[in-house]
Every structure is written in structure tokens, then in C-alpha cells.
Amino acid sequence: MKEQLEKLIELQKIDLAQEALRLDVETRRQKVESDSDLLQDLGQALEKQNERMSETQKLIESKRGGLEEAKKGLGHANTKLGAVTNSRDYAALEREVETFKKSIAQAETEIEQLSSALTEAQAGIDKQREEYEALRAEIEKNQQEVDAAAASIEDRVAELQAKAAELAKSVNPQYLARYRFIRSKRPGAAVVSASGGTCTGCHMKLQPQAFIQLQRQNSLECCQNCQRILYYDAAEAEALHAEGNNKI
Ligand SMILES: [Zn+2]
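Residues numbered from 1 in each chain as written. Predicted model: local features only at pLDDT ≥ 70, side-chain atom pairs only at ≥ 80, totals over all residues. Heavy atoms only, no water.

Caption draft 1: Here's a closer look at the overall build of the protein. Counting secondary structure elements, the protein contains 5 helices and 2 strands. Secondary structure elements in the protein, listed N-terminal to C-terminal, are α-α-α-β-α-β-α. The C-alpha atoms of the protein give a radius of gyration of 40 Å, which is well past the 18 Å a tight globule of 248 residues would have. By principal-axis analysis of the C-alpha atoms, the protein measures approximately 125 × 45 × 30 Å. Burial analysis of the protein (248 residues in total) assigns 29% to the buried set. In the protein, of all internal contacts separated by at least 6 residues, the share reaching a separation of at least 24 is 74%. Summing over all exposed atoms, the protein offers an accessible surface of approximately 16400 Å²; the carbon and sulfur share of this is 51%. Here the protein contributes 35 positive and 42 negative side-chain charges, whose respective centroids are spaced 5 Å apart. (Helix = DSSP H or I, 4+ residues; strand = E, 2+ residues; numbered from the N terminus. Rg over C-alpha atoms; globule rule 2.2 N^0.38 Å. Buried < 20%, exposed > 50% of the residue type's maximum accessible area, 1.4 Å probe, protein only. Contact = heavy atoms within 4.5 Å. Areas by Shrake-Rupley, 256 points an atom, 1.4 Å probe, with all protein chains shown as cover. Lys, Arg positive; Asp, Glu negative; His and termini not counted. Charge placed at Lys NZ, Arg CZ, Asp CG, Glu CD.)

Caption draft 2: Quick peek at the coordination of the zinc ion. For the zinc ion, the full set of protein donor atoms is Cys-199 (SG), Cys-202 (SG), Cys-223 (SG) and Cys-226 (SG), at a range of 2.2 to 2.3 Å. Angles of 105 to 113° at the metal separate the 4 donor atoms of the zinc ion, which places the site in the tetrahedral class. In primary sequence terms, the donor set of the zinc ion follows C-x2-C-x20-C-x2-C. For Cys-202, a relative accessible area of 22% translates into the label partly exposed. (Donors = N, O, S within 2.8 Å, 3.2 Å for Na, K, Ca; no water. Tetrahedral: all angles 85-135°; square planar, octahedral: opposite > 155°, others 65-115°.)

Caption draft 3: Structural context of the domain arrangement of the protein. With domains assigned, the protein is organised as domain 1 (18-168) and domain 2 (173-247). The C-alpha-based centres of domain 1 and domain 2 are spaced at 60 Å. (Domains from an automatic or database assignment.)

Caption draft 4: Geometry of the nonpolar core. Formed by 27 residues in total, the largest nonpolar core has its most connected members in Val-25, Leu-39, Ile-60, Leu-67, Val-97, Ile-104 and Ile-139. Filtering out sequence-adjacent residues up to four positions away, Ile-139 remains in contact with Val-32, Asp-35, Ser-36 and Leu-39. Counting 17 residues, the second largest nonpolar core, distinct from the first, contains Leu-8, Leu-160, Ala-164 and Ala-168. (Core = buried A, V, L, I, M, F, W, Y, C linked by side-chain atoms within 4.5 Å.)

Caption draft 5: Looking closely at the pattern of salt bridges. Applying the stated rule across the entire model yields 13 salt bridges. Its salt-bridge partner being Lys-7, residue Glu-3 comes within 3.1 Å of it at the nearest N-O pair. Residue Glu-3 and its partner Lys-7 are located together in helix 1 (residues 2-83), separated by 4 residues, close to a single helical turn. Across the pair Lys-31 and Asp-35 runs a salt bridge whose closest N-O atoms are separated by 2.8 Å. Of this pair, Lys-31 and Asp-35 both sit in helix 1, 4 residues apart, roughly one helical turn. (Salt bridge = Lys/Arg side-chain N within 4 Å of Asp/Glu carboxyl O.)

Caption draft 6: Seen up close, the layout of surface pockets. Within this model, the largest pocket holds a volume of roughly 160 Å³. Per-class residue counts for the lining of the largest pocket are 7 nonpolar, 3 polar and 2 charged. (1 Å grid on protein atoms, 1.4 Å probe; cavity = no way out; pocket = protein on both sides within 12 Å on 5 of 7 lines; lining within 4 Å. Points joined across faces, edges and corners; volume = space filled by probe spheres on them. Nonpolar A, V, L, I, M, F, W, Y, C, P; charged D, E, K, R; others polar.)

Caption draft 7: Spatial organisation of the side chain of Asn-142. Looking at the element boundaries, Asn-142 is found in helix 2 (residues 87-168). Setting aside residues no more than four positions away along its own chain, Asn-142 makes contact with Val-32 and Asp-35.

Caption draft 8: Local environment of the side chain of Arg-228. Among the secondary structure elements, Arg-228 is positioned in the loop between helix 4 (208-216) and strand 2 (229-231). Among buried Asp, Glu, Lys and Arg side chains, Arg-228 stands out as unpaired, with Glu-19 the closest opposite charge at 10 Å. If we ignore the near neighbours within four places in the chain, the residues touching Arg-228 are Ile-182, Arg-186, Pro-187, Ala-189, Ala-190, Val-192, Gly-201, Cys-202, Glu-221, Cys-222 and Cys-223.

Caption draft 9: Quick look at the packing of helix 1 against helix 3 (residues 173-185). Running from N to C, helix 1 and helix 3 cross one another at 35°; their axes reach a closest spacing of 11 Å. Judged by the sense of rotation from one axis to the other, the crossing of helix 1 with helix 3 is right-handed. Touching Gln-4, Leu-8, Leu-11, Gln-12, Asp-15, Leu-16 and Glu-19 of helix 1 are Tyr-175, Leu-176, Tyr-179 and Arg-183, all from helix 3. In terms of residue class, the contact of helix 1 with helix 3 is built from 6 nonpolar, 2 polar and 3 charged. (Axes fitted to C-alpha atoms, helices over the stretch in contact; angles between N-to-C directions. Left-handed = near helix turned anticlockwise from the far one by under 90°.)

Caption draft 10: Seen up close, unusual backbone geometry. The backbone of His-203 shows a phi angle near 65°, a positive value even though the residue is not glycine. Given a relative accessible area of 62%, His-203 falls into the exposed group.

Caption draft 11: How the structure looks around the environment of Glu-236. With respect to the helices and strands, Glu-236 occurs in helix 5 (residues 234-247). Using a relative accessible area of 27% as the deciding quantity, one classes Glu-236 as partly exposed. Distance from Glu-236 to Ser-193, taken between C-alpha atoms, is 9.0 Å for residues 43 residues apart in sequence.

Quick look at the structure:
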């Protein structure tokens, strides 16, 4: 039994090593994916801001057109004012001149405000564009690294798989089936230590009778709570015991 458990533990080490290799690549791949989503969002935000900028630009141009019209109107009114002879027309033209002057001042203020908003927005967009390009470069680099990592673990994974298959041949098929069943149900370890009387898989304390049974090492014992295969290691139990005494 002890030997069988040792084989299962060894098999688990190999399986977990494979899993860790794959997980590392997978984690990095997910990072690339989430960064790509982020990049897309940034790109869309930039596009929208550019649209808004060109709308503002158009608005400025139309205000400039209005300004030119008002200036022309003022010129005409002033010319007419120089030629007028009766006071009623004079007063009317004077009001006209005032109105044009007001429109000119208003248009100039608005153009100035819009232009400065535009300059500010452009600075913001330039900064975001830089961030966008930096992220794009980082994604490209990470993608290359992920591809390289995925290719480089292939050989190692194949090697571990061959080793696991070889080892599995010498494990009791019933134990092996049990091990594989637990592995398929739960991530991580399927064979865990209970040398201290507690299942290290789920941290439940073993029933005294079950713990005694485990220490005898005559049968395959599983945790009543999480179903993981348990093992007992006398040296480990002693170390745990010593540690407990030291704490006191
Ligand atoms: Zn357990």
C-alpha cells in the first residue's frame, strides 16, 4: 500500500508539473487577450474624441465665417453712416453699427474659447495616443513571448506525459481510476497528506478511527469530506508533532 501511495504521489507530482506549465502559458495568454480588449476600447475612445475634435473644428470655421460677415456688415454700415444726412437714418445706422460690433466681439470670444478647448483636447488625445501605442507594442511583445513559451513547453509536457504513462502502468488500476476521478473533479492535488490527523486538502479533522486506519496503511483511505486520497507519513507526523510542542 505504501509503495502504491508513493507511486500515486509521484504521478501527481508529474501531473501537477504539467498543469503548472500549461497554466503559466494560459495565464499569459489571457493577459494578452484582456489587454487586446483594453486596446480596442482605447482605440474606440480615441476615434470618438477625434470625431468630437473635428466637429469643434467645423464649429470654429462656421463662427469665423459669421465673424467675416459681421465685419463686412460693419464696414458697410460705417460707410453708409458717413454718407447719411438725416438724423433718423443716422440713429438707425448707429444702432446697426453697435449690433455688428457686439456680434463681432461675441464671435471673437467664442472662437477664442473653442480654440483653446481644442488645443487642450489635442494634448489629451496625444497623450492617449502614446498610451495606445505603448500598449499595442506591449501586447505584440507578450504575444510573441506566449507563442514562444507555448512552443517551448511542448517537449517538456510530452516528456512528462510519457513519464506519467509509464508510472501509471505500475499503479493498481482501481487506485489509478480513483486518482483520475478526483483529479477530474477538483483542481490541484488529489493525493494529500493527513499525517497530522487533518486532511490538508480541505482542512477537516479526520475521525479518530479513520486516522488509525490511515496510519496502518493497509488500504486506500479517502477524506470523508473532500474525497481526496489521504496518505500518512511517519516522519512528517513526527515533525508536525515536534512543531506543535515547540509552539507550546
Ligand atoms: Zn479532505
